[in-house]
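Here's the letter readout for the chains.
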Amino acid sequence: MAEMNMVEAVRHVLDQEMGRDKDVILYGEDIGKNGGVFRTTDGLQKKYGEKRVIDSPLAEVGIIGTAIGMAAYGLKPVVEIQFSGFAYAGLENLISHAARIRNRTRGMFTCPMVMRTPYGGGIRALEHHSESVESLYIHIPGLKVVIPSTPYEAKGLLASAIRDPDPVIFLEPKRVYRSIKEEVPSKSYTIPLGKCRIVQHGSDITVITWGAMLKYTMEALAKMDISAEVIDVRTLSPFDEKTVIDSVKKTGRAVIVQEAVKTLGFASEIIARINEKALLSLEAPVKRITAPDIIFPLFKLENEYLPGEEDIIKGIKEVLEF
Amino acid sequence: MDEKGEVDGKLMPKFSSKQIKDFYESMYILRAFDKKAVSLQRQGRLGTYPQITGMEATQVGTALALQKADWMFPSFRESGAMIARGIPMSKILLYWGGDERGSQFAKDQFTFPISIPVGSQTTHAVGTAWGMKIKGHKKASLVYFGDGATSRGDFHEAMNFASVMKAPCVFICNNNQFAISTRPDKETASETFAQKAIAYGMEGVKVDGNDVFGVYKATQDALKKAYSGKGPTLIECYTYRMLDHTTSDDASRYRSKKEVDEWAKKDPIDRLRKYMEKKKLWTKDYEGKLYNKVQKMIEKEVEKMENITPPDVKDIFKYTYAEMDDELKEQMSKYG
């Protein structure tokens, strides 16, 4: 057991999984000698050699495309895209191939790869470094989408992603890479994909969130004297609808906190599922607290753009007082 | 080997009579298969189908040079290379008949499914080759793409990756003079496609894609190089697409009959027949027997394709992920 931040937890689980399975191969831009721009792979090349921890050319199509061929060959590529905003060139390979190889060949070939990438805003970064575009991936059948919220979660979920037989998009909320520290067991463990986590039980309202927004949601709730049931979605695809529906049926009220823009964010899907399965339990309309439908600004206005504590408190109050 | 079936003795590899007959028969099968597939499409028994006539030497010469354990990455125009490699014709027809089971090849055939987005398969082939290298396996991957694909970023990233990683990958550029209607001079300002290799620190070779001996030799050399750890090679096979781009295309809109007739004189099968005749490996009797054998073989494969049980709609659900979640199970239940 040791106290770790998320960067350390990611590095620690990559190390453990490489030790556990010699077919796990890491590559991406600057991940070897430099240890990655956020240091999530620091020291791993030294430990496992240049054959397994590889500085790749600066080429996102190539990184994702080669991972498909390597995974089909029986290895376990865990590739890093330096920032999620640079993954778009590689989307064709994810959408048209990684997600479809199993179906296209009726199971003869599979694509057990992981694409890890830091995502989301809040670190005063450059343009294209701050967006939350998880919906792009969730919309593609065949891909799994995982977003950890804490160091403990990151370790268990990434271990599962690496061992998963299908392609997994693992989005690391870089805003909380170093701002949350918690005890992380040194023993290997996994957290199953496709299961939400009830962070705390409560009876007044269900608050659903994921990634960095969990931290800010908890901080907001600490300032409110209410009994909120908080759900960390963890795996956005496949989505554990049952945990959410059961909770909403119990509390009768729900708020979703999402860093991404409003339209067609994952909150939209959660609301649709609540409408389908728990509408008659609702005491108030479901509210989503999101970023507006505008381009992510450069960092002077970043804090205005991101949903913050005040927005969360206001939104929850509105639903409670409806 | 030139159009008259004459070979340059100094360059000619040693082939057994059996090998030469294999080349001929493989190409012969592909020409007959192509004809049959187009006719099936015209009768509504197949969907859109991309023809291969004129490119048989490129497809056969490359496919037969592969070892069994090597991996093949076809573009959508390599039905012929796949058949030459041993993929059943019934599977190929099944695929073009709109059925995913047509890409469910046996595991030990090491042939990737057809990739429709042009050139996107190049990076996959490099990944597999790189994997072979990491695992220390003395094998190679071979990837096909057309002249048009070399304009795409995928091709360039794949070439660069392969060279940097010294991946055992053979790139086959099927330069058939057309990306649907667009000519090579509208795709590139390079004099040849082969020379693109130079920029990546890779060897580039240009061969007459209608000369099965030349194609086979170039591929075999590239494969040997790959097995021995010396990295990738780009081979441009200079050939001609004699028919339309697909059964949905009308090539008369963008090329003349005269041009096609000129290329017909360079036909890959005719020239091998001329060579074999001189070597007394071909007779009318042999051809007659071959014709009957191939027709029967193709009919049997068509029958096999058409008699397969209809696909189960549930398969679409079953193969999206290794396991279905509750939501997918619920969605599937609506299909009975």
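Above this text is the structure in question.
Rules used throughout
Residues numbered from 1 in each chain as written. Chains lettered and ligands numbered in written order. Predicted model: local features only at pLDDT ≥ 70, side-chain atom pairs only at ≥ 80, totals over all residues. Heavy atoms only, no water. Helix = DSSP H or I, 4+ residues; strand = E, 2+ residues; numbered from the N terminus. Contact = heavy atoms within 4.5 Å. Polar contact = N/O pair within 3.5 Å; in protein donor to acceptor, adjacent residues only side chain to side chain. Pairing = 2+ DSSP bridges. Axes fitted to C-alpha atoms, helices over the stretch in contact; angles between N-to-C directions. Buried area = accessible area lost by both parts, 1.4 Å probe. Salt bridge = Lys/Arg side-chain N within 4 Å of Asp/Glu carboxyl O. Buried < 20%, exposed > 50% of the residue type's maximum accessible area, 1.4 Å probe, protein only. 1 Å grid on protein atoms, 1.4 Å probe; cavity = no way out; pocket = protein on both sides within 12 Å on 5 of 7 lines; lining within 4 Å. Points joined across faces, edges and corners; volume = space filled by probe spheres on them. Nonpolar A, V, L, I, M, F, W, Y, C, P; charged D, E, K, R; others polar. Domains from an automatic or database assignment. Right-handed = clockwise from strand over helix to strand, strands pointing away. Core = buried A, V, L, I, M, F, W, Y, C linked by side-chain atoms within 4.5 Å.

All names here are of chain A. Tracing the chain through its elements places Lys-215 in helix α8 (residues 213-222). Considering only alpha carbons, one finds Lys-215 and Val-176, 39 residues apart in sequence, at a separation of 8.1 Å. Here Lys-215 is in contact with Val-176, Ser-179 and Ile-180, once residues within four sequence places are set aside. One polar contact links Lys-215 to Glu-219, side chain to side chain, over a distance of 2.9 Å.

This part is about the sheet that holds strand β7 (residues 168-173) of chain A. Residue and element names in this part refer to chain A. The mixed open sheet is built from seven strands, whose spatial order is β3-β2-β4-β5-β7-β6-β12. Two strands in the sheet have a free side with no partner beyond their single neighbour: β3 (53-55) and β12 (235-237). Strand-to-strand twist in this sheet, taken as the mean axis angle between neighbours without regard to direction, amounts to 20°. As judged from the three bridges shared by strand β2 (residues 24-28) and β3, these two strands associate in the parallel manner. Bridging from a neighbouring strand, Gly-28 pairs with Asp-55 of β3. On the sheet, helix α7 (residues 151-163) packs against β2, β4 (76-80), β5 (114-119), β6 (144-146) and β7 and is oriented at approximately 160° with respect to β7.

With that out of the way, let us pick up the sheet that holds strand β14 (residues 287-291) of chain A. Residue and element names in this part refer to chain A. What the five strands build is an open sheet, ordered β9-β11-β10-β13-β14; its pairing is mixed. The sheet is open, and its two edges are formed by β9 (197-200) and β14, each paired on a single side. Strand after strand, the sheet turns through a mean of 25° between neighbouring axes, direction not considered. Relative to strand β11 (residues 228-232), β9 is paired through three bridges, and the arrangement is antiparallel. Paired with Arg-197 across the strands is Asp-232, a residue of β11. Docked against the sheet, α8 engages β9, β10 (205-209), β11 and β13 (254-261), running at close to 170° with respect to β11. Where helix α10 (residues 266-278) meets the sheet, it contacts β10, β13 and β14, and its direction lies at approximately 155° from that of β13.

Counting from both sides, the interface comprises 44 residues of chain B and, opposite them, 48 residues of chain A. Both faces combined, the contact of chain B with chain A buries some 3,800 Å², and carbon together with sulfur accounts for 65% of it. For the pair chain B and chain A, the interface holds five salt bridges. In this structure, Glu100(B) engages Arg106(A) in a salt bridge whose closest nitrogen and oxygen atoms are separated by 3.2 Å. The interface formed by chain B and chain A holds 17 residue pairs in polar contact (both at pLDDT 80 or more) in total.

Tallied over the full model, the rule gives 43 salt bridges over all chains. Two residues, Asp246(A) and Lys242(A), come together in a salt bridge whose shortest N-O distance is 2.8 Å. Of this pair, Asp246(A) and Lys242(A) both sit in helix α9 (residues 241-251), four residues apart, roughly one helical turn. Exposure remark for Asp246(A): the relative accessible area of 39% places this residue in the partly exposed category. The class of Lys242(A) is exposed, set by a relative accessible area of 54%. Via salt bridges that share partners, Glu241(A), Glu269(A), Arg273(A), Lys277(A), Glu327(B) and Glu330(B) belong to a single interconnected network.

Structurally, Thr239(B) is set in the loop between β5 (233-238) and α10 (257-264). When near neighbours in sequence (up to four residues on either side) are disregarded, Thr239(B) contacts Gly54(B), Met55(B), Thr58(B), Asn174(B), Asn175(B), Asn176(B), Gln177(B), Gly209(B), Asn210(B) and Trp263(B).

Our next topic: the layout of surface pockets. Within this model, the largest pocket holds a volume of roughly 830 Å³. Lining the largest pocket are 30 residues, and of these Ile138(A), His139(A), Ile140(A), Pro141(A) and Ser237(A) lie nearest its centre. Only α6 (134-138), β12, β13 and α10 of chain A together with α13 (314-318) and α14 (326-333) of chain B provide two or more residues apiece to the lining of the largest pocket. Class assignment for the residues of the lining of the largest pocket results in 16 nonpolar, nine polar and five charged. Taken together, domain 1 (2-184) and domain 2 (197-320) of chain A each give at least three residues to the lining of the largest pocket, which thus spans both. Of the pockets and cavities examined, the second largest pocket occupies roughly 590 Å³. Among the secondary structure elements, those contributing two or more residues to the lining of the second largest pocket are α9 of chain A together with α14 of chain B. If one sorts the elements of the lining of the second largest pocket by residue count, α9(A) sits on top with four residues. Structurally, the lining of the second largest pocket is a two-domain feature, drawing no fewer than three residues from each of domain 1 (2-184) and domain 2 (197-320) of chain A.

On to the pairing of β14(A), then. Residues and elements named next belong to chain A. Across four bridges, β13 lies against β14 in parallel orientation. Residue pairing in the sheet places Val-261 in a bridge with Ala-291 of β14. Handedness of the β13-α10-β14 crossover: right-handed.

This part is about the nonpolar core. Grouped burial of nonpolar side chains is what soluble globular proteins tend to show. The biggest cluster of nonpolar side chains holds 82 residues, and the ones touching the most others in it are Met113(A), Tyr137(A), Ile274(A) and Phe171(B). With eight residues, the top contributor of residues to this core is helix α3 (residues 60-73) of chain A. Here this core gathers at least three residues from each of two domains, domain 1 (2-184) and domain 2 (197-320) of chain A. Listed in part, the 65 residues of the second largest apolar core include Ala63(B), Ile83(B), Ala84(B) and Phe213(B).

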